[in-house]
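Descriptive structure summary
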Amino acid sequence: MKRWFLIILSIAMLLPFMSCQFPEWSYRLIDGGAEITSYFGASKELNIPSKIDGHSIISIGEQAFAYNKGIQSVKIPNSVLTIEKSAFLYCSNLKKLEIGNQVKSIKSSAFQECSGIRELALPASLEEIGTAAFAYVLLEKIIVDSKNPHFVSEDNILYDKEKTTVILYPQGKGDSCQIKDTVTTIGDYAFAGINDLKKISFTEKVINIGSFAFSGCNNLDTIAFPLSLQHIGDFALNGTAWLKQQNDEYLILNNRFFLAYTGTSPRLEMPEGVISVTHQQSLEIENPVRILKLPDSVKEISTVFLEYYNFSLFEIDEKNRIFTTDSTVLYNYNKSELIKYSSKNHNDVFDVPQTTKKISDYAFAHCYNLKEINLPNGIMEIGEYAFKTAGLK
């Protein structure tokens, strides 16, 4: 009897995670209903069912329809609460999208590169729009239900409700843009791929330009950067005509933001006064940079930048209280975060300091010689691609 009880209990525990297939759809049971995980049909006009096998469809799963070139229109039912990461990624022929009136969350890259969509209507229920959810979707019209407490559309520009953040900017608004005076942040991917834009200016209230904010704006050649700027994300200006026009060996914005290095020296020495090191454009390096020196003024450094240049050695000004190094490993000052381990370090074993709580993105990437890493018990966070192509056994 006990044996049968354990068998039944095991099956009951597995039920919420079971995957099933039903003619054109596969789905899995999740807490509260079911999630579509893939589609096998060939319909160009897709009406996603609100129920399958009696189970209410409450989620569109990660990459469920990704790269499907056949779909031209999608109707998402009112039963759906969540559209997961990359659900419709690169559905390049998708032209019409109808989002159900109960959707609360649209996760990162959900509709990225769905370049055929021209009109977007967001329901009152929507609470979250993930990073790059509509990146490179060349919208012309953006509508938000007037009852939505989180988002608003004005002149077809998508903002947060307070209009402090530009979330999404449409195409077709002319070659010039003046950011309104309530805005403090240009969101990640906000203008990405808007090729008719040639000129943009900001008020002195803007303090943050997000990653990929103007990426792919190939004709954007005039940018009036505000002196109020405090942060600019990686690849924010990638592909812009403005960036291509710059020819300084050290490209420094507002004397504070490092954007790019085009020199040939094996030593990259950040000028004093630079507070932020970003990565804007991947250029072919003729003579690889081997040594990075950071001055006292640097307060933040991009892990993408560190990954791209793949430095052999680090040097930190002794007055800097943000970073420290033992020459081949870059840490924050109290060594609670390991930021980058040099891939040119020839040791095959490394003991992460006991004080370390976080391993940053790309921290051990391309460390082919490293066979063993000993982590302390206090590690609380490991970043994306932290061990990418490392030689660990």
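Provided above is the structure to which this section pertains.
Residues numbered from 1 in each chain as written. Predicted model: local features only at pLDDT ≥ 70, side-chain atom pairs only at ≥ 80, totals over all residues. Heavy atoms only, no water.

Topic: the overall build of the chain
- Scanning the chain from terminus to terminus reveals 3 helices and 36 strands.
- Based on the C-alpha atoms only, the size of the chain along its principal axes is roughly 65 × 65 × 35 Å.
- A total of 393 residues make up the chain; the buried ones form 48% of that total.
- Considering only residue pairs separated by 6 or more positions, the chain has 32% of its internal contacts joining residues 24 or more positions apart.
- Working note: accessible area of the chain is about 19,000 Å², and carbon and sulfur atoms make up 49% of it.
- Side-chain charges of the chain comprise 38 positive and 45 negative groups, with the mean position of each set lying 4 Å from the other. (Helix = DSSP H or I, 4+ residues; strand = E, 2+ residues; numbered from the N terminus. Buried < 20%, exposed > 50% of the residue type's maximum accessible area, 1.4 Å probe, protein only. Contact = heavy atoms within 4.5 Å. Areas by Shrake-Rupley, 256 points an atom, 1.4 Å probe, with all protein chains shown as cover. Lys, Arg positive; Asp, Glu negative; His and termini not counted. Charge placed at Lys NZ, Arg CZ, Asp CG, Glu CD.)

Examining the side chain of S276
- Summarising the element assignment, S276 is placed in strand β26 (residues 276-277).
- Overall, the relative accessible area of 2% leaves S276 in the buried class.
- Beyond its immediate chain neighbours, meaning those up to four positions away, S276 contacts R256, F257, F258 and E300.

Describing the environment of L313
- Its location among the elements puts L313 in strand β29 (residues 313-316).
- With 24 residues separating them in the primary sequence, L313 and V289 have C-alpha atoms 9.8 Å apart.
- When neighbours within four sequence positions are excluded, L313 is seen to be in contact with R290, I291, L292, S327 and T328.

Structural notes on the sheet that holds strand β9 (residues 96-98)
- Sheet architecture is open: 3 strands sit in the order β4-β7-β9, paired in parallel fashion. Each edge of the open sheet carries a strand with a single partner, namely β4 (45-47) and β9. Taken over all neighbouring pairs, the strand axes of this sheet differ in orientation by 5° on average, direction set aside.
- With 3 bridges connecting them, strand β7 (residues 73-75) and β9 associate as parallel partners. What sits directly across from K75, in β9, is E98. (Pairing = 2+ DSSP bridges. Axes fitted to C-alpha atoms, helices over the stretch in contact; angles between N-to-C directions.)

A closer look at the sheet that holds strand β30 (residues 323-325)
- Pairing is mixed across the open sheet formed by 5 strands, whose spatial order is β30-β31-β32-β34-β36. Two strands close off the open sheet at either side, each with one partner strand: β30 and β36 (381-382).
- Alignment of strand β31 (residues 329-332) against strand β32 (residues 337-341), held across 3 bridges, turns out to be antiparallel. Residue Y331 lies in a different strand from β32, and its bridge partner there is L338.

Side note on the pairing of strand β23 (residues 250-253)
- Side-chain alternation along β23 places L251 and L253 on a buried face and Y250 and I252 on a face that remains uncovered.
- Sheet topology places β23 next to strand β24 (residues 257-261); 4 bridges connect them, and they run antiparallel. Paired with L251 across the bridge in β24 is A260.
- A loop of 3 residues connects β23 with β24, the two strands running antiparallel in sequence, and N254 in this loop sits at a positive phi of about 55°.

Observations regarding the pattern of salt bridges
- Scanning all chains against the criterion turns up 11 salt bridges.
- Notably, a salt bridge pairs E154 with K163, separated by 2.3 Å at the nearest N-O pair.
- K358 is the partner of E337 in a salt bridge, and the nearest nitrogen-oxygen pair spans 3.8 Å. Placement of the pair is E337 in strand β32 and K358 in strand β34 (residues 358-359), with a sequence separation of 21 residues. (Salt bridge = Lys/Arg side-chain N within 4 Å of Asp/Glu carboxyl O.)

Thoughts on the packing of aromatic side chains
- If you walk through the whole model with that rule in mind, you get 26 aromatic pairs.
- Between Y136 and Y189, the aromatic rings sit 6.1 Å apart at their centres with planes inclined by 80°, giving edge-to-face as the arrangement. Within this pair, whereas Y136 is found in the loop between β12 (128-129) and β13 (141-144), its partner Y189 is found in the loop between β18 (185-186) and β19 (199-201), the two being separated by 53 residues in sequence.
- One aromatic cluster is present, formed by W25, Y39, F65, F88, F111 and F134 through successive ring pairs.
- Sitting over the ring of Y331, K335 keeps its end group 4.9 Å from the ring centre. (Phe/Tyr/Trp six-rings, centres within 6.5 Å; stacked < 30°, edge-to-face > 60°. Lys NZ or Arg CZ within 6 Å of the ring centre and 35° of its normal.)

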